[in-house]
Amino acid sequence: MRKIYADNAATTAISKTVLEKMLPYFTEVYGNPSSLYQVGGEAKKALENARESIAKNLGAAHANEIYFTSGGSESDNWAIKGVCYALKAKGKKHIITSKIEHHAVLHTCAALEKEGFEVTYLDVYENGIVKPEDVENAIREDTALVTIMYANNEIGTIQPVAEIGAICKKHNVLFHTDAVQAAGYVKINVADENIDLLSMTAHKIHGPKGCGCLYIRRGVRINILIEGGAQERGKRAGTENVAGAVGLAAALQEAVDTMDERNKKLTQLRNKLIDSLLKIERSRLNGDKEKRLPNNINMCFEGIEGESLLLKLDLNGISASSGSACTSGSLDPSHVLLALGLPHEIAHGSMRLSFSEDITEEDIDYIAETVPGIVDYLRNMSPLWEKIKAEEKKEA
Ligand SMILES: *Cc1c(COP(=O)(O)O)cnc(C)c1O
C-alpha cells in the first residue's frame, strides 16, 4: 500500500543533509562552547556561524539578535512574558493577539491575564485572516505587545504581517510574530516587515526537534525566562545545543534555497487536490484559498467525525490530522475552526493535510481517489448525516 505522510505541520522528517551537518557536533566537536580549549572553540565557532546564517536568512541586521532556544513554544513564551514583564513597570499591561494563535501563545496570554494583564483577541473572520485595521483600533496607550502569528498551523492562512508591523511601528508598540509555520515557506525579512521579535523552530522545516530561536531586535527590552549561566549573552541560560543550532541553521538555509521551486510544485498539487475534494457534497475548505501555505489543506466534511475519518485514512496509508496535534485526543473542536464561525458539529469533521516536498502527483491522485469513498462510508453510518439529508428533503 502507498504510504503518505501528510502531517508536516505537526513535525517533519529531518533532512539527510541537515543531519550530516549536525553529526560531528555530537561525536567530534562535542566541547562546551563556553570553555577555553580547542574543541570548545570549534563548537563556539559553529554556534556563531549558525547564528549568522539564520540572521541573514531572516533579514536581521545583527547575528547577535538571534537567541537559540528549545523550540517554538519556548520562543513564544519568552517573547510574550519577557516583553510584558519588562514593560510592566512602565504601566503597560495590554496585549493584542488573535483568536487562532498556537496554544504556546494563547496559553501564555491566558497565564498573563491571571497576573493582571489584559488581552484583546482579534477576530479572523471567515477567511482566517486578521484585519490590520482591527490591530490599529485595538492599540491602547498601555499596549505592551502585539503578537500575531505569521502563518497558521491548522488552516495555513498567512497573515498581513508587513501591514501589522507598519502599524505597530507607527504607534510605537512592539510586534512579535510566531513564524514557526511560515519560515522556509514565505520570504521573511524582519527589517522590511518591522518585526521586533520572531519565533522559529527547526523540526517543522526538516531540522531536529528541540531546537529553535527567538529573534530579538537590538534595543528591545526583554526579561529573562530561563535563569542560570551566562550563555546567549546572559539572556538564556543552559549549555548550548550546538548540534541543534547547526541543524536549525542548515534546515533554514535548505528551505530558503529550495523555496521558490518547492512552493510552485506544492501550490499546484495543493490546488489540484482542493478542487477535487471540493466536489464532495457538503465539503468546505477552511481558510483563505490564496493566502495560505502552499503545503496546507484543511477541509470539513459535514455529517462525519474527524477522528473516524483520520483512522480510516490511516488504514489507507495516509497520515493526516484533524488540525492540531495538541487537541487530538480531546473531543473539543479546534479553536481555530470555531474562530472562523463554523458550528461545532461541522468543526468536528475536519481534516488537515500538510505536505512536504516529497509529495508526488501520484500521491495526490491517490488521496483524491481515497477520501470520497471514506467520507461516503462514514456518512452511511452517521445519524448526523441522516438528519442533514432529511432536512434537505424537507426544504426541497
Ligand atoms: C509547532 C508550533 C509551535 C511549537 O513549536 P515547538 O518547537 O514544537 O515547541 C508554535 N507555534 C506554531 C505555529 C507551531 O506550528
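By convention here, each chain's residues receive numbers from 1 onward along its written sequence. Totals for whole chains, interfaces and linings use every residue, but because this is a predicted model, local features are given only for residues with pLDDT of at least 70 and side-chain atom pairs only at 80 or more, for both listing and counting. Side-chain figures throughout are based on the complete set of non-hydrogen atoms in the structure, without hydrogens or water.

**Let's talk about the overall build of the protein chain**
In terms of regular secondary structure, the protein chain is built from 14 helices and 12 strands. By principal-axis analysis of the C-alpha atoms, the protein chain measures approximately 75 × 50 × 35 Å. Exposure is judged per residue with a 1.4 Å probe applied to protein chains only, and the accessible area is read against the type maximum: over 50% gives exposed, under 20% gives buried, and values in between give partly exposed. The 396 residues of the protein chain split such that 57% are buried. We call two residues in contact whenever any of their non-hydrogen atoms come within 4.5 Å of each other. Considering only contacts in the protein chain between residues 6 or more positions apart, those separated by 24 or more positions represent 74%. Total accessible area on the protein chain is roughly 17,200 Å²; 52% of this is exposed by carbon and sulfur atoms. Counted charges follow a simple rule, with Lys and Arg positive, Asp and Glu negative, and His plus the chain ends left uncounted. To locate a charge, the coordinates of NZ of Lys, CZ of Arg, CG of Asp or CD of Glu are taken. Side chains of the protein chain give 46 positive and 55 negative charges; the mean places of these two sets differ by 2 Å. Only DSSP runs of H or I reaching four residues or more are called helices, and only runs of E reaching two or more are called strands; each is numbered from the N terminus. Here, Shrake-Rupley sampling with a 1.4 Å probe gives the accessible areas, and only protein chains in the shown set may cover a residue.

**Some details on the sheet that holds strand β7 (residues 197-201)**
An order of β2-β8-β7-β6-β5-β3-β4 is seen for the seven strands of this open sheet, with the pairing classed as mixed. Each edge of the sheet is formed by a strand with only one pairing partner; in this case those strands are β2 (66-69) and β4 (118-122). Taken pair by pair, the neighbouring strands of this sheet meet at an average axis angle of 20°, ignoring direction. Packed onto the sheet, helix α5 (residues 103-114) meets β3 (94-98), β4, β5 (143-147) and β6 (174-178) and runs at close to 145° relative to β4. Axes, fitted as lines to C-alpha atoms, cover a helix only where it is in contact. Angles between the N-to-C directions of the axes lie from 0 to 180 degrees. Where helix α9 (residues 242-277) meets the sheet, it contacts β2, β7 and β8 (212-216), and its direction lies at approximately 100° from that of β7. If DSSP finds at least two bridges between two strands, the strands pair.

**Re the nonpolar core**
Here, nonpolar core means buried Ala, Val, Leu, Ile, Met, Phe, Trp, Tyr and Cys residues that are tied together by side-chain atoms lying within 4.5 Å of each other. Counting residues in each nonpolar core, the largest one holds 91 residues, and the members touching the most others are Leu-353 and Phe-355. Per-element tally for this core: the top contributor is α9, with 12 residues. Apart from residues lying up to four places away in sequence, Phe-355 is in contact with Ala-6, Asn-8, Tyr-185, Leu-266, Leu-273, Asn-295, Ile-297, Ile-364 and Ile-367. Formed by 21 residues, the second largest nonpolar core is a distinct cluster that contains Tyr-67, Ala-79, Ile-95 and Leu-145.

**Examining the environment of Ser-75**
Position of Ser-75 relative to the elements: it lies in helix α4 (residues 72-88). Measuring from C-alpha to C-alpha, the distance between Ser-75 and Asn-49 comes to 20 Å, with 26 residues separating the pair along the chain.

**Focus: the pairing of β4**
The sheet contact formed by β3 and β4 spans five bridges and is parallel. Paired with Ile-95 across the strands is Val-119, a residue of β4. Between the parallel pair β3 and β4, the chain is carried across by α5, and the sense of this crossover is right-handed. We call a crossover right-handed when, viewed with both strands directed away from the observer, the connection leading from the first strand over the helix to the second proceeds clockwise.

**Considerations on unusual backbone geometry**
With a phi angle near 65°, His-206 is a residue other than glycine that sits in the positive phi range. Mapped onto the secondary structure, His-206 falls in the loop between β7 and β8. Positive phi values are uncommon outside glycine, yet Arg-282 reaches one of about 50°.

**Concerning a nonpolar patch on the surface**
Any residue with relative accessible area above 30% and no salt bridge may belong to a patch, with like charges joined within 9 Å and the nonpolar Val, Leu, Ile, Met, Phe, Trp and Tyr side chains within 5 Å. Take a side-chain nitrogen of Lys or Arg and a carboxyl oxygen of Asp or Glu: if they are within 4 Å of each other, that pair is a salt bridge. Together, Ile-14, Leu-19, Leu-23 and Phe-26 give the surface a local cluster of nonpolar side chains, amounting to about 330 Å² of exposed area. Its place among the elements puts Leu-19 in helix α1 (residues 16-22). Its relative accessible area of 33% is what places Leu-19 among the partly exposed residues.

**Remarks on the side chain of Asn-296**
Along the chain, the position of Asn-296 falls in strand β10 (residues 296-301). From its side chain, Asn-296 meets the backbone oxygen of Glu-154 in a polar contact 3.1 Å long. Pairs of N or O atoms within 3.5 Å make up the polar contacts considered here, provided that, within protein, one atom can donate a hydrogen while the other can accept it, and that residues adjacent in sequence are counted only when both atoms are side-chain atoms. Reaching out from Asn-296, the side chain makes a polar contact with the side chain of Arg-292 at a distance of 2.6 Å. For Asn-296, the contacting residues outside a window of four places in its chain are Asn-153, Glu-154, Ile-155, Gly-156, Arg-270, Arg-352 and Leu-353.

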